[in-house]
Amino acid sequence: LLQQYQVSTVLGIFQHLKWCFSQAMAGGMIAQNPMRELRFSDYVKQGIAPRQSRLSVMQLPMVFTQLTKATAQNRLLGLLLLLFGTRIGETGKARWSAFDFNAKLWRIPANETKTGQAHALPLTSIAVSVLQQHRLALSHRMKRCDYLFPKKSNLNQAQTPQAGSQKIGKLAQGQWSAHDVRKLCRTTWTELGVDHLIGELLLNHQPSQLDKAYIQTLAQAQCLSALTTWHHYLKDNGLVAFLSARSTQDPPDNHTGLTLAFQ
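Predicted model only: the values in this text are computed from it and were never measured.

S.K.: Give me the lowdown on a nonpolar patch on the surface, citing residues and values where you can.
M.R.: The grouping of Leu1, Tyr5 and Ile13 at the surface amounts to a nonpolar patch, some 290 Å² of accessible area in total. Take Leu1: it is sitting in the segment before α1 (7-26).

Right, dumping it as structure tokens:
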């Protein structure tokens, strides 16, 4: 495999194979797990270089142009990724009931996060406007659905992460992915002066015990400040023009685009 594929690809295959054996063992299909004690480092010593993002701030006009051509629902999916840097799985499972517009928080439950810990993201005035304008444009049937991105076959279920990734890949024409957006957010936050720990917290990375103590006392206000700075950066780099274009191009069919009234 190493002669044909990159190390990261082989690692993914190795991890999946270990998972398959583990599941087979747990299900009583095999009496022994031959991969239980095996480690990838037993075979491969070289490290895996982090994959560079395919997006930079210089490409934001391209991203907004591609989002303009998407359906209202896929457009919102892309916008939420861009506004918050959330994972595609967390974003695709978003519920309207998770958005507290009074407290201005998006509460993601622990069972829907990769880290297994609940995540709360502050809602800026820009984010609130985007979400509320989108909901106003929904059909009566869709307004009764709690999921922002439900399955077409069952409105009581959220779309899968795979389906979300495919939708983003299609609107991006294969030029970038949801994870590229996440990397773009992280990089630009640093360039905008966002504290490293606050950036890690916004991405819902697992904090150390020392960081947890800091987070409990100072983080919420700093997270709001960081996202406010980021959203105004987006506002100045194509977001306003994008939303204005959508408000004039979409037909009045209950799937209209977003309009935005900045304060």
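S.K.: Kindly report on the confidence of the model for the protein, identifying the contributing residues and their values.
M.R.: Taken as a whole, the protein shows an average pLDDT of 85; of its residues, 85% reach a score of 70 or greater. By mean pLDDT, helix α10 (residues 209-249) is the weakest element of the protein at 78, and strand β1 (residues 99-100) is the strongest at 96. Counting contacts from residues 251-257, a segment whose pLDDT is below 50, to residues more than four positions away or on other chains yields 14 contacts. When the criterion is pLDDT under 50, residues 259-263 qualifies, and its contacts beyond four places in sequence or with other chains add up to 12 contacts.

S.K.: Please set out the nonpolar core residue by residue, giving values where relevant.
M.R.: Counting 59 residues, the largest nonpolar core has Phe64, Phe84, Trp106 and Leu148 as the members making the most contacts within it. Looking at this core, the elements that each hand over two or more residues are α2 (60-68), α3 (72-84), β2 (105-108), α5 (125-136), α7 (161-171), α8 (178-191), α9 (196-202) and α10. Residue contacts for Phe84: discarding those within four places in its chain leaves Trp106, Leu121, Pro122, Leu123, Ala127, Trp189, Leu202, Leu227 and His231. Core analysis: the second largest hydrophobic core is formed by 6 residues, Val7, Phe14, Phe40 and Val44 among them.

Rules behind the numbers
- Residues numbered from 1 in each chain as written.
- Predicted model: local features only at pLDDT ≥ 70, side-chain atom pairs only at ≥ 80, totals over all residues.
- Heavy atoms only, no water.
- Patch = residues over 30% accessible without salt bridge, like charges linked within 9 Å, V, L, I, M, F, W, Y side chains within 5 Å.
- Areas by Shrake-Rupley, 256 points an atom, 1.4 Å probe, with all protein chains shown as cover.
- Salt bridge = Lys/Arg side-chain N within 4 Å of Asp/Glu carboxyl O.
- Helix = DSSP H or I, 4+ residues; strand = E, 2+ residues; numbered from the N terminus.
- pLDDT = per-residue confidence, 0-100.
- Contact = heavy atoms within 4.5 Å.
- Core = buried A, V, L, I, M, F, W, Y, C linked by side-chain atoms within 4.5 Å.
- Buried < 20%, exposed > 50% of the residue type's maximum accessible area, 1.4 Å probe, protein only.

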